[in-house]
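Reading the structure
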Amino acid sequence: MKKIGLVLGGGAVRGLAHIGVLKSLEKNEIPIHCIIGTSMGGAIGGLYAAGITASEIESTFIYTPKYRFIDLALWQRGLLAGNGITQIVGGLLERHSRADLKIEQFPISFKAISVDLMEGKQVMLETGDLVTAVRATTAFPGVFSPLMVNDQMLVDGGVLNNLPVNVMQKEPVDFIIAVDVAREHEKKPPRNMIEIVYRSYSLMTAERKHNNLHLADLVIRPDVGQFAAFDFTKTMECIAAGETATDQIIDELKRQIAD
């Protein structure tokens with residue numbers, strides 16, 4: 001069987017569909033050898049790479065009160081402090097006795113993508129603790145405050161690379177699966193400031209995302225486009241969409257990786 005690399009893109013709440021994708025791969029006994037994720041894809045992918053099952057991740061996100069996903073504190077460099085997801089990730093790692101496990105020790109190779117605003121360059125987070133990596137890769141600019149590390153100001157990796165298939169190409173894998181949860185452009189007007197920022201960001205990153213999609217051997221597209229980016233009341237629907245989309249292509253996947 002071919003060694004599989006899984007690329008999980010950013011998409012805010014729509015990125016929770018990655019949990020459903022992993023549930024389907026898990027129940028069909030499809031082993032993953034490497035995961036690279038951006039934003040929510042980095043958070044979900046990092047937990048799975050650390051050895052936490054998709055079902056355990058699902059339960060945590062479903063039963064976590066929705067207000068805990070964001071920290072409603074005004075910061076100088078962002079509307080929200082942005083600690084919600086990292087606290088959830090940290091708590092889950094602690095409950096499964098993996099809080100002290102470093103990324104380089106994970107059973108599945110893992111990288112989270114971030115961007116350093118000081119240098120204007122992509123940063124790959126592949127060592128150290130997962131909570132710090134998640135804090136950086138989910139720091140959506142203008143909404144969540146950046147993470148300051150030494151001389152770096154780290155923000156969401158989607159600023160430069162929202163679906164980093166090109167990064168996965170450099171890994172020792174034989175087959176690349178990309179999961180695209182980004183919504184295509186819509187004409188319905190944004191409802192608030194956060195949606196305006198997110199819509200603008202999505203437009204700026206769309207071309208590179210489409211170019212990267214062509215580099216994948218298989219693309220999974222969960223039907224989550226109808227859900228607003230920060231509507232965490234749609235957690236279960238997004239997870240279900242990811243599982244359904246993967247179930248639909250699972251026979252084709254098995255055929256291709258067995259060649």
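The sections below set out a description of the structure shown in this document. (Residues numbered from 1 in each chain as written. Predicted model: local features only at pLDDT ≥ 70, side-chain atom pairs only at ≥ 80, totals over all residues. Heavy atoms only, no water.)

Topic: the side chain of H18
Just so we agree on the cut-off: Labels follow the DSSP assignment, with helices taken as runs of H or I lasting at least four residues and strands as runs of E lasting at least two, numbered in each case from the N terminus. Type-normalised accessible area, obtained with a 1.4 Å probe on protein chains alone, sets the label of each residue: buried when under 20%, exposed when over 50%, and partly exposed for intermediate values. We call two residues in contact whenever any of their non-hydrogen atoms come within 4.5 Å of each other.
Positionally, H18 belongs in helix α1 (residues 17-27). The buried category is assigned to H18, whose relative accessible area is 0%. Excluding residues that lie within four positions of it along the chain, H18 makes contacts with L8, G9, M40, G41, I44, V179 and V181.

Observations concerning the pattern of salt bridges
Quick note on the threshold: Here a salt bridge means any side-chain nitrogen of Lys or Arg lying within 4 Å of a carboxyl oxygen belonging to Asp or Glu.
Applying the stated criterion across every chain yields a total of eight salt bridges. A salt bridge links K27 to E243; the shortest N-O distance between them is 2.9 Å. Note that K27 is positioned in helix α1 and E243 in helix α9 (residues 235-258), a separation of 216 residues in sequence. For K27, a relative accessible area of 48% puts it in the partly exposed group.

Observations concerning α9
For the record, the criterion: Multiplying 1.5 Å by the helix residue count minus one yields the expected span of that helix. We define the bend at each residue as the angle formed by axes fitted to the 7 residues ending at it and the 7 residues starting at it.
Taking 1.5 Å of rise per residue, 24 residues should cover 34 Å, and α9 covers 33 Å from first to last C-alpha, within 8% of that figure. The sharpest bend along α9 measures roughly 50 degrees and falls at I250. Those residues of α9 that sit buried are T235, C238, I239, A241, G242, E243, A245, T246, I250, L253, Q256 and I257. Buried residues along α9 sit against β1 (4-8), α1, α3 (54-63), β9 (175-179) and β10 (218-220).

A look at the environment of A12
Along the chain, the position of A12 falls in the loop between β1 and α1. Measuring from C-alpha to C-alpha, the distance between A12 and T138 comes to 8.4 Å, with 126 residues separating the pair along the chain.

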